[in-house]
Amino acid sequence: MTDCKELLSNIEKIHTTEMGEERIRRNLFLGEELVDLVGWCKKQIESPRACITRRGKNWYASLDGNLFTVNAYSYTIITAHKEKAST
């Protein structure tokens with residue numbers, strides 16, 4: 001199974017911690033008005049335009065300048081942040 005398919009077939013397992021949610025909101029400049037943060041992150045990861053790779057113990061999903069880091073064993077969203085512009 002390719003990395004992308006493996007992550008997407010387990011999308012229902014994706015979750016985050018309270019600290020992870022705070023970190024994601026802060027790093028992506030998302031306010032409290034976005035009630036279902038995990039659901040929003042899942043939609044980003046599931047997008048056909050998302051580029052998903054696995055390196056070591058983490059999945060990385062990149063979409064629209066945002067990079068989501070998901071633990072490959074627990075399916076916890078560790079963090080998300082804006083990607084650095086390449087020079």
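For the structure, check the block above.
Model, not experiment: these values are computed from the prediction. (Residues numbered from 1 in each chain as written. Predicted model: local features only at pLDDT ≥ 70, side-chain atom pairs only at ≥ 80, totals over all residues. Heavy atoms only, no water.)

Asks: Would you mind going over unusual backbone geometry in detail, with residue names and values included?
Replies: We note that Phe29 has phi near 60°; this positive angle belongs to a residue other than glycine. Relative to the elements of secondary structure, Phe29 occurs in the loop between helix 2 (18–28) and helix 3 (37–46). Even without being a glycine, Asp64 presents a positive backbone phi close to 50°. Counting through the fold element by element, Asp64 comes out in the loop between strand 2 (58–63) and strand 3 (66–71). When its relative accessible area of 54% is taken as the criterion, Asp64 is described as exposed. (Helix = DSSP H or I, 4+ residues; strand = E, 2+ residues; numbered from the N terminus. Buried < 20%, exposed > 50% of the residue type's maximum accessible area, 1.4 Å probe, protein only.)

Asks: Please give an account of the sheet that holds strand 2 that cites residues and values.
Replies: Spatial strand order, 1-2-3-4: four strands in an open sheet with antiparallel pairing. In the strand order of this sheet, the two ends are held by strand 1 (51–55) and strand 4 (77–82), each with one partner. Neighbouring strand axes in the sheet, compared pairwise and without regard to direction, differ in orientation by 20° on average. Pairing of strand 1 with strand 2, which is carried by five bridges, proceeds in the antiparallel orientation. Within the sheet, the bridge partner assigned to Thr53 lies in strand 2 and is Tyr60. Sitting on the sheet, helix 2 is in contact with strand 3 and strand 4, with an inclination near 10° to strand 4. (Pairing = 2+ DSSP bridges. Axes fitted to C-alpha atoms, helices over the stretch in contact; angles between N-to-C directions. Contact = heavy atoms within 4.5 Å.)

Asks: Before we move on, could you go through the environment of Val35 and cite the residues and values that matter?
Replies: Within the secondary structure, Val35 is located in the loop between helix 2 and helix 3. Its relative accessible area of 71% is what places Val35 among the exposed residues. With 50 residues separating them along the chain, Val35 and Ala85 place their C-alpha atoms 29 Å apart.

Asks: So what's going on with the side chain of Thr76? Which residues, and what values?
Replies: Note that Thr76 resides in the loop between strand 3 and strand 4. Relative accessible area serves as the criterion here: at 14%, Thr76 is assigned to the buried category. When near neighbours in sequence (up to four residues on either side) are disregarded, Thr76 contacts His15, Thr16, Thr17, Thr69, Val70 and Asn71.

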